[in-house]
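Each chain is listed here by its residues.
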Amino acid sequence: MDTLLKTTAAEINNSLIDFIKKSFEGKKIAVHIYEMEEDDTEFLLSNPTTKKRLLESIGNVNSNNNLKEYSIADIENFLNDAGE
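Analysis parameters
Numbers given to residues run from 1 along each chain, matching the order in which its sequence is written. In keeping with the predicted nature of the model, local features appear solely for residues at pLDDT of at least 70, side-chain atom pairs appear and are counted solely at 80 or more, and the whole-chain, interface and lining totals rest on all residues. For the side-chain quantities, the full set of heavy atoms in the structure was used; hydrogens and water were omitted. Here a cavity is any set of points on a 1 Å grid over the protein atoms alone where a 1.4 Å probe fits but cannot get out, and a pocket is any open set with protein on both sides within 12 Å along at least 5 of 7 lines; a residue lines the site when it has an atom within 4 Å of a point. Grid points are joined across faces, edges and corners, and a volume is the space filled by probe spheres set on the points. Each residue receives one of three labels: charged for Asp, Glu, Lys and Arg, nonpolar for Ala, Val, Leu, Ile, Met, Phe, Trp, Tyr, Cys and Pro, and polar for the others, Gly being one of them. Note: pLDDT gives the predictor's confidence per residue, expressed from 0 to 100. In DSSP terms, a helix is any run of H or I states spanning at least four residues, a strand is any run of E spanning at least two, and both are numbered starting from the N terminus.

### Describing the layout of surface pockets
Empty space among the atoms becomes visible once a probe the size of a water molecule is rolled across them.
Right, on to step 1. Quantified by volume, the largest pocket comes out at close to 760 Å³.
Right, on to step 2. Taken together, 23 residues make up the lining of the largest pocket; nearest its centre are L5, I20, V31, H32 and I33.
Right, on to step 3. The class makeup of the residues in the lining of the largest pocket is 16 nonpolar, four polar and three charged.

### A short note on the confidence of the model for the protein
Right, on to step 1. Here the protein shows a mean pLDDT of 87. Residues at 70 or above account for 98%.
Right, on to step 2. Per-residue pLDDT, averaged within each element of the protein, yields its smallest value for helix α2 (residues 40–45) (82) and its largest for helix α3 (residues 48–63) (92).

If you want it as structure tokens, here you go:
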């Protein structure tokens, strides 16, 4: 069996340890702990203002509303102007 538990350090308690012991009773196990980087979407959704803007943007794309179109030349010009 392969199990991945994602949690925060603050959520590790005796109940979690007991769960692991019971789930793998009599088995040899390896515990690998590493720091997870926060997903960009998860980060954006954690703030109410950015969450609202992101969900509105997704809605706009899905309904083909409020979209802007740029050519490669427009983007290159913008990047060149920003570098000056």
